[in-house]
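# Secondary and tertiary structure notes
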Amino acid sequence: MVPRETTSQNLRAQVVVVGAGHAGCEAALASARLGVDTLLLTINRDRVAEMSCNPAIGGLGKSQIVREIDALGGEMARIADAAAIQFRRLNASRGPAVRARRVQCDMGDYHRAMLAAVEGCEHLRLVEAMVDEVLEEGGLVLGLSLADGRRVEAEAVVLTTGTFLRGMMFTGLEQEAGGRVGDPPAQNLSACLEGLGLKLGRLKTGTPARLLADSLNLDELEVQASDAVVLPFSLDTERLDLPNVVCHVTRTNPKTHEIIRSGLDRSPLFSGVIKGVGARYCPSIEDKVMRFADRESHQVILEPTDRSGRIIYPNGISTSLPADVQLAMIRSIPGLEQAEVIEAGYGIEYDYVHPTQLKGSLETKAIAGLFLAGQINGTSGYEEAAGQGLMAGINASRKLRGLDSVVLGRHEAFIGVMIDDLVTRGTEEPYRMFSSRAEFRLMLREDNAAERLHACAESIGLVDEARLEKRRAEHRQVDEVLATLRDLRMPRDLAPKRPSLEKFLRRPETHIKDLLHLLDMGPLSTDVLERVEVQVKYQGYVERQIREAEQLEKQRGRRLPEDMDYLGIPGLSTELAEKLSRLKPRDLDQASRVDGMTPAALMVLSLRVARGLVPRGTTGSEAGR
């Protein structure tokens, strides 16, 4: 193990990464693995890659990001596989665009595995320090000033401060400064960033109480076990041997909701103490009870935080209510009547930088060489942070080597969708990735991440040649299976007209596994089989999305008529049409930056402009003729 660096001397590195959470670890590893002398600063080495909230990686709209991180040479997928204690495939019976892997992790194992990766990485040093100030001159970053008086010289700086910027924690009306329980906040860095001309905002997130498993009565609750078929996140993971860890499902009830309502006078959210905007799609339980007053119950999933199952994370009841109200609320839920709380839930309010001040490379427009990644950009979630960290680390190292930045397009990756959303549209609330945000989601599937990002991975250089060749072999295998399906015909006893296997597979009721005995091609991975089936069944849809993506890229600079009647365009919401009518964007690129513009709406505009269907001064009924 590499010893902690405690020297009182000033430090120097080519790239310095501030914060060793999910974004910071990916940024530092990417920079160092590309041969750049890299320094990773953290307040506490023992909390590197801490899973501060839920103990899971992946999920809807997030698993694609994890697979893309793996395809480009990042670390999260491999660490998630190494720490996995349960696996589930979400939306397995639905269309390929919305299927998602999700692994429950041993939180301690995840931290230890990532720490080992960081400490074992060549060109990377891990140092415990608090950052006070970003040093710059003439709009160019020079390094950092540390709280202990030391200076760090750097050619590029990546800030991944998470919830630490002026972080304030709330349990009821009790307040405590901190970036999370047990760690102090970064109090001085926010003022420094404002002094550099960056506009900051305030956001809020939270976490539920942690419960002692032995105090719970789980016998009568629904069991949620791991899937029988387990799919690793990383292409480098041969197999996952999971322990027999299960989750349990329970629900709140009217009594729970009454207890919550009775404590709202001491809620920092409802008394106005917390000013930051919370996550709309992952609200606290008090938010849910008040916003959805007609619902009599909300689901709670009891998730073990490690393989021992000793501590339970009750997913679904994140809260900042007072500790006594939390305990009463928890004990009103079936199975939790005798629950012992190890640590009360809390809300946390923190500063973030409005991400429209960033380039697509995640470098700030104001200060050359200063990159931002993760929650400092207004996102929520481990996966979103890691995806940004990877790209920031890659681009910081490339800047130093005089290479062009890597900016993924919306048609190339979920990471590209996320970063484009942030830097062009910004966010006023914690941003979470959803598959619905990606207009080309049928192209951006879990199963084809390595294939669609192969050329990009080759050009970046984080994936070694042996791993690249393994991926090429898998791509060739997909092509061979497709060719075999086209060449072989069904046996007459199964299909009298003897269509090709490819045509037979297009039938809704037929799946590739039903035809394996006819292929005689040896063992094929689940990813290969899924890619083959999707390409056959959805070929027309995928090809159409490819054409639309190409067309959209060409159309971005196309001018929009000044007198265009947006209210006469089917497919645009009235709110967005009125906003476009008022702002009169110059072209499609400018229209894409209008607050409230969605990928689907932009596609509607693009296609209508391309086809010359641009109503001018007409009513909606006339435009439809």
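Look above for the structure.
So, a few notes on the structure that sits alongside this text.

## Observations concerning the nonpolar core
- Formed by 114 residues in total, the largest nonpolar core has its most connected members in Leu41, Ile57, Tyr110, Val134, Leu159 and Leu193.
- Those residues in contact with tyrosine 110, other than ones at most four positions away along the chain, are His22, Ala49, Met51, Ile57, Met76, Ile79, Ala80, Ala83 and Cys105.
- If you look at the next biggest cluster of nonpolar residues, it comprises 22 residues, including Ala209, Ala213, Leu218 and Leu264.

## Re the sheet that holds strand S9 (residues 140–146)
- Strand order in the open sheet formed by four strands is S1-S10-S9-S8, and the pairing between neighbours is mixed. Looking at which strands have only one partner, the edges of the open sheet turn out to be strand S1 (11–12) and strand S8 (131–137).

## Quick word on the sheet that holds strand S13 (residues 174–177)
- Strands sit in the order S13-S12-S21-S14 across an open sheet of four strands; the sheet is antiparallel. With one partner strand each, in any of the chains shown, S13 and strand S14 (200–207) form the two edges of the open sheet. Strand after strand, the sheet turns through a mean of 25° between neighbouring axes, direction not considered.
- One ladder, built from eight bridges, connects S14 with strand S21 (residues 346–353); its direction is antiparallel. From the neighbouring strand, leucine 200 faces S21, where its bridge partner is valine 353.

## Quick notes on the packing of aromatic side chains
- One pass over the full model with this rule turns up one aromatic pair.
- If you follow arginine 295 out to its NZ or CZ, it ends over the ring of phenylalanine 292, 4.6 Å from the centre.
- Here the guanidinium or amino end of arginine 437 rests over the ring plane of tyrosine 431, the centre of that ring lying 4.2 Å away.

## Observations regarding the pairing of strand S2 (residues 15–18)
- Alternating residues of S2 divide into Val15 and Val17 and Val16 and Val18, and every residue in both groups is buried.
- Judged from the four bridges that link them, S2 and strand S3 (residues 38–42) form a sheet pairing that is parallel. The residue of S3 that forms the bridge with valine 16 is leucine 39.
- Handedness of the crossover is the feature at issue here: the chain leaves S2, passes through helix H1 (residues 22–33), returns alongside S3, and the resulting connection is right-handed.
- Here four bridges tie S2 to strand S11 (residues 156–159), and the two strands are oriented parallel to one another.

## Topic: the pairing of strand S17 (residues 247–251)
- Judged by how many residues are buried, S17 sits mostly within the fold: four of five residues are covered.
- Sheet topology note: the strand S16 (residues 222–224)/S17 ladder contains three bridges and is antiparallel. Opposite glutamate 222, over in S17, you have valine 249 as the bridge partner.
- In the sheet, S17 pairs with strand S18 (residues 299–304) via four bridges, with the strands oriented antiparallel.

## What about the environment of threonine 207?
- The residue threonine 207 is located in strand S14 in this model.
- In this structure the C-alpha to C-alpha distance between threonine 207 and phenylalanine 292, which are 85 residues apart in sequence, comes to 20 Å.
- Look past the residues within four positions of threonine 207 in its chain and what remains in contact with it is Ser52, Cys53, Tyr313, Ser318, Thr319, Gly345 and Tyr346.
- Within the structure, threonine 207 has its side chain in polar contact with the side chain of arginine 210 (distance 2.9 Å).

What counts, and where the lines are drawn
Residues numbered from 1 in each chain as written. Predicted model: local features only at pLDDT ≥ 70, side-chain atom pairs only at ≥ 80, totals over all residues. Heavy atoms only, no water. Core = buried A, V, L, I, M, F, W, Y, C linked by side-chain atoms within 4.5 Å. Buried < 20%, exposed > 50% of the residue type's maximum accessible area, 1.4 Å probe, protein only. Contact = heavy atoms within 4.5 Å. Pairing = 2+ DSSP bridges. Helix = DSSP H or I, 4+ residues; strand = E, 2+ residues; numbered from the N terminus. Axes fitted to C-alpha atoms, helices over the stretch in contact; angles between N-to-C directions. Phe/Tyr/Trp six-rings, centres within 6.5 Å; stacked < 30°, edge-to-face > 60°. Lys NZ or Arg CZ within 6 Å of the ring centre and 35° of its normal. Right-handed = clockwise from strand over helix to strand, strands pointing away. Polar contact = N/O pair within 3.5 Å; in protein donor to acceptor, adjacent residues only side chain to side chain.

As far as function goes, none of this settles anything; it's purely spatial.
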